[in-house]
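An overview of the molecular structure
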Amino acid sequence: MFTGIVEELGEVVAVEDRGEAARLRLRGPRVTADVGHGDSIAVNGVCLTVVETSDGVFTADVMAETLHRSSLGALQAGSPVNLERPMVLGGRLDGHLVQGHVDGKGTITARSDADSGTEITVGLPDGLGRYLVEKGSVTVDGISLTVVEAGEAHFTVSLIPTTLALTTLGTKQPGDPVNLEVDVLAKYVERLMGAAPTSREAAQNREAAQDREAAQRPEAPHQEAPHQGEREGAR
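About the criteria used
- Residues numbered from 1 in each chain as written.
- Predicted model: local features only at pLDDT ≥ 70, side-chain atom pairs only at ≥ 80, totals over all residues.
- Heavy atoms only, no water.
- Patch = residues over 30% accessible without salt bridge, like charges linked within 9 Å, V, L, I, M, F, W, Y side chains within 5 Å.
- Areas by Shrake-Rupley, 256 points an atom, 1.4 Å probe, with all protein chains shown as cover.
- Salt bridge = Lys/Arg side-chain N within 4 Å of Asp/Glu carboxyl O.
- Helix = DSSP H or I, 4+ residues; strand = E, 2+ residues; numbered from the N terminus.
- Buried < 20%, exposed > 50% of the residue type's maximum accessible area, 1.4 Å probe, protein only.
- Pairing = 2+ DSSP bridges.
- Axes fitted to C-alpha atoms, helices over the stretch in contact; angles between N-to-C directions.
- Core = buried A, V, L, I, M, F, W, Y, C linked by side-chain atoms within 4.5 Å.
- Contact = heavy atoms within 4.5 Å.
- Polar contact = N/O pair within 3.5 Å; in protein donor to acceptor, adjacent residues only side chain to side chain.

1. Some details on a nonpolar patch on the surface
- On the surface, Met-1, Leu-93 and Leu-97 cluster together to form a nonpolar patch covering roughly 250 Å² of accessible area.
- With respect to the helices and strands, the residue Leu-93 is situated in the loop between β6 (80–84) and β7 (104–114).
- Judged by relative accessible area, Leu-93 falls into the partly exposed class, the value being 40%.

2. Let's talk about the pairing of strand β9 (residues 137–140)
- In this sheet, strand β10 (residues 143–150) lies alongside β9 in antiparallel orientation, the contact comprising 4 bridges. Across the sheet, residue Val-140 finds its bridge partner in β10, namely Ile-143.
- Count of turn residues in the β9/β10 antiparallel hairpin: 2 residues, of which Asp-141 carries a positive phi of about 55°.
- Sheet analysis places β9 next to strand β12 (residues 177–182), joined by 3 bridges and oriented antiparallel. In the strand pairing of β12, Val-138 is matched with Val-182.

3. Thoughts on the sheet that holds strand β3 (residues 40–43)
- Ordered in space as β1-β2-β5-β4-β3-β6, the 6 strands form a closed barrel in which the pairing is antiparallel. Strand-to-strand twist of the sheet, defined as the mean angle between neighbouring strand axes without regard to direction, takes the value 45°.
- Bridge analysis of strand β4 (residues 46–54) against strand β5 (residues 57–62) gives 4 bridges, and the strand direction is antiparallel. Following the sheet pairing, Glu-52 is matched in β5 by Thr-59.

4. Re the pattern of salt bridges
- Under the criterion given, the structure shown has 11 salt bridges.
- When the shortest N-O distance is used, the salt bridge between Arg-18 and Glu-16 registers 3.1 Å.
- Glu-16 sits in the partly exposed class, given a relative accessible area of 37%.
- With its nearest N and O atoms 2.6 Å apart, the salt bridge here joins Arg-130 to Glu-190. Placement of the pair is Arg-130 in the loop between β8 (117–123) and β9 and Glu-190 in helix α3 (residues 184–195), with a sequence separation of 60 residues.

5. Concerning unusual backbone geometry
- Despite not being glycine, Asn-44 has its phi angle at roughly 50°, a positive value.
- Relative accessible area serves as the criterion here: at 4%, Asn-44 is assigned to the buried category.
- A positive phi angle, close to 50°, is found at Asp-55, a residue other than glycine.

6. A word on the nonpolar core
- Within the largest apolar cluster, 21 residues are counted, with the highest numbers of intra-cluster contacts made by Val-138, Val-140, Leu-145, Phe-155 and Leu-169.
- Elements supplying a minimum of two residues to this core: β8, β9, β10, β11 (154–159) and β12.
- Sequence-distant contacts of Val-140, defined by excluding residues within four places in its chain, comprise Leu-145, Phe-155, Leu-169, Val-178, Asn-179 and Leu-180.
- In this structure, Val-12, Leu-24, Val-43 and Ala-60 belong to the second largest nonpolar core, which totals 18 residues.

7. Quick notes on the environment of Glu-20
- Relative to the helices and strands, Glu-20 resides in the loop between β1 (8–18) and β2 (21–27).
- Dropping the residues within four chain positions of it, Glu-20 is found in contact with Met-63, Ala-64 and Leu-67.

8. Here's the deal with the sheet that holds β7
- Pairing in this closed barrel of 6 strands is antiparallel, and the strands run β7-β8-β11-β10-β9-β12 around the ring. Between one strand axis and the next, the sheet turns by 45° as a mean value, whatever way the strands run.
- Where β7 and β12 come together, 4 bridges link them in antiparallel fashion. Opposite Gly-104, over in β12, you have Leu-180 as the bridge partner.

9. Description of the side chain of Thr-167
- Looking at the element boundaries, Thr-167 is found in the loop between α2 (161–166) and β12.
- For Thr-167, the side chain forms a polar contact with the main-chain oxygen of Thr-163, separated by 2.6 Å.
- Apart from residues no more than four positions distant in its own chain, Thr-167 is found in contact with Val-6, Leu-9, Asn-82 and Ile-143.

Next up, the structure:
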């Protein structure tokens, strides 16, 4: 689990094509200072497992699903990348809860630069717009950002100069792809609300269950009343 607060602007050292997969070598002296084999590092918002580290460089494997769903497949030697180590329980949560599981690729459709900062508009893939709300959180290339405007097919965010200087968004231009992760809490709420029956449906389910139980219950054997003589003899 991550926070979306980028720790380091790293660099791709090499990309090894492995057919449907790839192996990345990335430079990040700060994030590799206390990690080893099996640890996690978010790369442009994608949670990757460290295979090995050496002199501030770490290696990670990227499978076909990740290459398809994210923009990591477009990386090449020299590409800048946003890097973040997992959050520590008990530490500050400066951004928001980020899993490092990319939901899809967006595309920057507009960029407006000013002295006070920059506003960018990102086009959304189908199905993600319903998870975004004004003043809610969204992760763009691993960066926790606040949604300024939320539409069905796009959203906008504002970037302060620090974010522009310390992350890949400083050089991103219209047409460039970005990795998107929506707030996982929104997805859980949708799932729970969709699965929860209404009061009427719940009552109908209970009645149906009672009917099934009654149908499966064996009937008590029929007993005839004893004759008058039998009753007298039993006295």
